[in-house]
Amino acid sequence: MNRLAIFGGTPIRNKPFPAWPVFNQTEEDALLGVLRSGKWWRYAYSEAPDRVGSPQSKVAEFQEAFALHQGAKYGIACANGTAALEVSLKALGVGPADEVIVPAYTFVATATAVLMVNAIPIFADIDYETFALQPSSLEGAITSRTKAVIPVHFAGQAADLRAILDIAERHHLLVIEDAAHGHGGAWNGRGLGSIGHAGTFSFQASKNMTAGEGGLIITSDEACAALCESYTSLGRKSGAPWYEHYRLGWNYRMTEFQAAILLQQLKRLEAQNSKRRVNAAYLTGQLSKLPGIQTMHVPDYATRHSYHLYMFRLNEREFGVSRANFLDALQKEGVPCSGGYAHPLYRNPLFLNRDFYNHDCPLTCGHYDGNVDYSTFEALCPNAERACREAVWLEHRQLLAEREDMDDIVRAISKIYECRNEFSGNSGPVST
Ligand SMILES: Cc1ncc(COP(=O)(O)O)c(C=O)c1O
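These numbers come from a predicted model, not from an experiment.

Parameters and conventions
Residues numbered from 1 in each chain as written. Predicted model: local features only at pLDDT ≥ 70, side-chain atom pairs only at ≥ 80, totals over all residues. Helix = DSSP H or I, 4+ residues; strand = E, 2+ residues; numbered from the N terminus. Rg over C-alpha atoms; globule rule 2.2 N^0.38 Å. Buried ≥ 20, exposed ≤ 12 C-beta atoms within 10 Å, placed from the backbone. Contact = placed C-beta atoms within 7 Å. Near = placed C-beta within 6 Å. Nonpolar A, V, L, I, M, F, W, Y, C, P; charged D, E, K, R; others polar. Axes fitted to C-alpha atoms, helices over the stretch in contact; angles between N-to-C directions. Parallel < 35°, antiparallel > 145°, perpendicular 65-115°, else oblique. Left-handed = near helix turned anticlockwise from the far one by under 90°. Pairing = 2+ DSSP bridges. Expected span 1.5 Å × (residues − 1). Right-handed = clockwise from strand over helix to strand, strands pointing away.

Draft legend 1. Structural detail: the overall build of the protein chain. Of regular secondary structure, the protein chain possesses 13 helices and 12 strands. A compact globule built from 432 residues should have a C-alpha radius of gyration of about 22 Å, and the protein chain, at 23 Å, falls within 12% of that. Each principal axis of the C-alpha atoms in the protein chain carries an extent, and together these give about 75 × 55 × 40 Å. Burial analysis of the protein chain (432 residues in total) assigns 47% to the buried set. Excluding contacts between residues fewer than 6 apart, the proportion of contacts in the protein chain whose partners are at least 24 apart in sequence is 70%.

Draft legend 2. Here's a closer look at the site of the ligand. With respect to spatial proximity, 14 residues lie near the ligand, and among them Gly81, Thr82, Phe107, Ala180 and Ser202 are the closest. Of all the elements in the fold, those that place two or more residues in the shell around the ligand are α3 (81-91) and α4 (109-116). Taken together, the residues of the shell around the ligand break down into 4 nonpolar, 9 polar and 1 charged.

Draft legend 3. Quick look at the packing of α3 against helix α7 (residues 222-232). Where α3 contacts α7, the two axes come as close as 9 Å, and the packing angle between them is 125 degrees. When the axis of α3 is compared with that of α7, the two are oblique. Here the hand of the crossing between α3 and α7 comes out right-handed. Between α3, through Val87, Ser88, Lys90 and Ala91, and α7, the contact on the second element is made entirely by Cys224, Leu227, Cys228, Tyr231 and Thr232. Of the residues contributing to the contact of α3 with α7, the split by class is 6 nonpolar, 2 polar and 1 charged.

Draft legend 4. Structural detail: the packing of α3 against α4. Two numbers describe how α3 lies on α4: the axes approach to 9 Å, and their chain directions differ by 45 degrees. Compared by their axis directions, α3 and α4 come out oblique. Judged by the twist between their axes, the crossing of α3 over α4 is right-handed. Where α3 abuts α4, its residues Gly81, Thr82, Leu85, Glu86 and Leu89 lie against Ala109, Thr110, Ala113, Val114 and Met116. Its residues assigned to classes, the contact of α3 with α4 comprises 6 nonpolar, 3 polar and 1 charged.

Draft legend 5. Here's a closer look at the sheet that holds strand β11 (residues 309-314). With antiparallel pairing, 3 strands are arranged side by side in an open sheet as β10-β11-β12. For this open sheet the edge positions go to β10 (293-295) and β12 (391-395), each flanked by a neighbour on one side alone. Adjacent strand axes in the sheet meet at a mean angle of 30 degrees when their direction is disregarded. Pairing of β11 with β12 involves 5 bridges; the strand directions are antiparallel. Residue Tyr310 lies in a different strand from β12, and its bridge partner there is Leu394.

Draft legend 6. Representation of helix α13 (residues 403-418) in the model. The terminal C-alpha atoms of α13, which comprises 16 residues, lie 22 Å apart, in line with the 22 Å expected from a rise of 1.5 Å per residue. Within the sequence span of α13, burial applies to Met406, Asp408, Ile409, Ala412, Ile413, Lys415 and Ile416. Packed against the buried residues of α13 are α8 (256-287), β10 and α10 (323-332).

Draft legend 7. The pairing of strand β2 (residues 99-103), seen in detail. The element β2 is largely enclosed, with a buried count of 5 among its 5 residues. The side-chain alternation of β2 yields two buried faces, one formed by Glu99, Ile101 and Pro103 and the other by Val100 and Val102. In terms of strand pairing, β2 meets strand β3 (residues 120-124) through 5 bridges, oriented parallel. Residue pairing for β3: Pro103 is matched across the bridge by Ala124. Between the parallel pair β2 and β3, the chain is carried across by α4, and the sense of this crossover is right-handed.

Bear in mind that shape data such as this cannot, by itself, settle questions of function.
Right, here's the structure in full:
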């Protein structure tokens, strides 16, 4: 076998994986159509002062199409996935003094959205096998102040909603599904985001559907939908005069350009997700034969995985290479990869220093009577700690390649295993 590319050998591949985003003439035509129409936002200036969402706006068309795709009655487009979380929390009545339970292993926005509505994020652990919120840890984190839980469908795989919904019902908690990774995904045949009180999506550049930025809330609750629309447009009320504001809201609106692109991206989604699933199943079959590689468990309830990420764990001892060296070596063999989050969220300086509003508000500004010390969560979240040390992430665009490209990934990892002794007794990686 070759030397490892990291030590000067020939890499397994030089060919790039498919680029992301995928687009063609249809996105170009859609964008030019909006540009030339002069209607760049969802409202028409000519309708002032009582501007209403024009039924032929791209934003209206997209939010309806996406909600239908995921199986919800209403879709409310907004600026990004973080905004979608903030708005849905506020619309469901989460605010000062409320605790909201979030998994410790997720993107920071899941927790900061809670702080943005002056509520308190409380971290729970993830399940070792699925990387999603662990129901027993959720239940253990509930107090009399808990108002909501935000399960994350991490990597595009459904969280254990049967258990989570059962706990939520017993404790009267709101459930907001963070489906930022879950476009087209399903739990027991039901579209992700459509099962709890509200569900949120992101269309940021890395996501399975993208317009560079963008977000969307879905819900089947009419009152919640109306509030979400109001909060994304500075507290306006549908049908009321334009310069009349009823509640504290944001300008979190989506533009017509974004919606025009997303309508085209939605048409590609299912074919792309199917290909991701076929390639992911093949990779899992091959990689699970290798010592020290533990592929992510896909439970039966995750009926449609959208594979925003392809994840596995590296057991350094069994594989014989540290994760840092493994990631370096795999990249040098021509396979992009990363270790994901460096720490569980509570270990970020943001939480340890409580650098929130006016320093540590909303923890100390009068409404909240609990006592949270974010340094204590480490002991409560061993699986999140381990995931940050052991996980390896591949990107969804890699799963849009062909079978022989999946074989390259397997060959590259097998090569690192077979050449693992090169790491000891070598003075260090050569730079290329
Ligand atoms: C799990 C999760 N939630 C929320 C978000 C926030 O989405 P956005 O970047 O569109 O604000 C992200 C984005 O990466 C995410 O991964």
